[in-house]
Amino acid sequence: MTLFEKIIARQIPADIVYEDADTIAFRDISPRAPVHVLVCPKKAIPKLSDSDDGDTETLGKLLRSVARVALAAGLTDYRVIINNGAGAGQSVFHLHLHLMGGRTLTWPPG
Ligand code: 5GP
């Protein structure tokens, strides 16, 4: 079971800011921006590249959850990031979207 599955199962604590039937959002334990929230599917998809056509609705719901959390946080300008694979910085192998905002975000992210 991955760390994020344990958070979803309430086996380890997290600062959960949004939850619905298919998605959950909680604050990153090591925030890189004033608002840094991780939005995950409840279904255990390890990486975006592991998703398939059956996950299309879930993937859309993830983006809607990001937009909801951003709105609730008062963000108009923000960034949404998916790290896919260790070489791209992924360290927890349960698909998650990083919602980051509350400061100026430079481009490219590096
Ligand atoms: P990744 O590197 O896989 O894209 O992102 C994983 C994120 O999970 C990192 O930003 C890291 O700070 C966060 N993280 C790691 N362990 C925990 C934890 O126990 N609780 C929470 N809320 N976030 C965590």
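Residues numbered from 1 in each chain as written. Predicted model: local features only at pLDDT ≥ 70, side-chain atom pairs only at ≥ 80, totals over all residues. Heavy atoms only, no water.

1. Thoughts on the environment of Leu99
Next, step 1: Mapped onto the secondary structure, Leu99 falls in strand 5 (residues 97-101).
Next, step 2: In this structure Leu99 comes out as buried when scored by relative accessible area, which is 0%.
Next, step 3: Between the alpha carbons of Leu99 and Arg79 there is a distance of 5.9 Å; along the sequence they are 20 residues apart.
Next, step 4: Among all residues touching Leu99, those that are not within four sequence positions of it are Val35, His36, Val37, Val66, Val69, Ala70, Leu75, Tyr78 and Arg79. (Helix = DSSP H or I, 4+ residues; strand = E, 2+ residues; numbered from the N terminus. Buried < 20%, exposed > 50% of the residue type's maximum accessible area, 1.4 Å probe, protein only. Contact = heavy atoms within 4.5 Å.)

2. Thoughts on the sheet that holds strand 1 (residues 16-19)
Next, step 1: With antiparallel pairing, the five strands of this open sheet are ordered in space as 1-2-3-5-4. Of all the strands in the sheet, the pair left with one neighbour each is strand 1 and strand 4 (78-81). Going from strand to strand, the sheet's axes swing by 20° on average, the running direction of each strand aside. (Pairing = 2+ DSSP bridges. Axes fitted to C-alpha atoms, helices over the stretch in contact; angles between N-to-C directions.)

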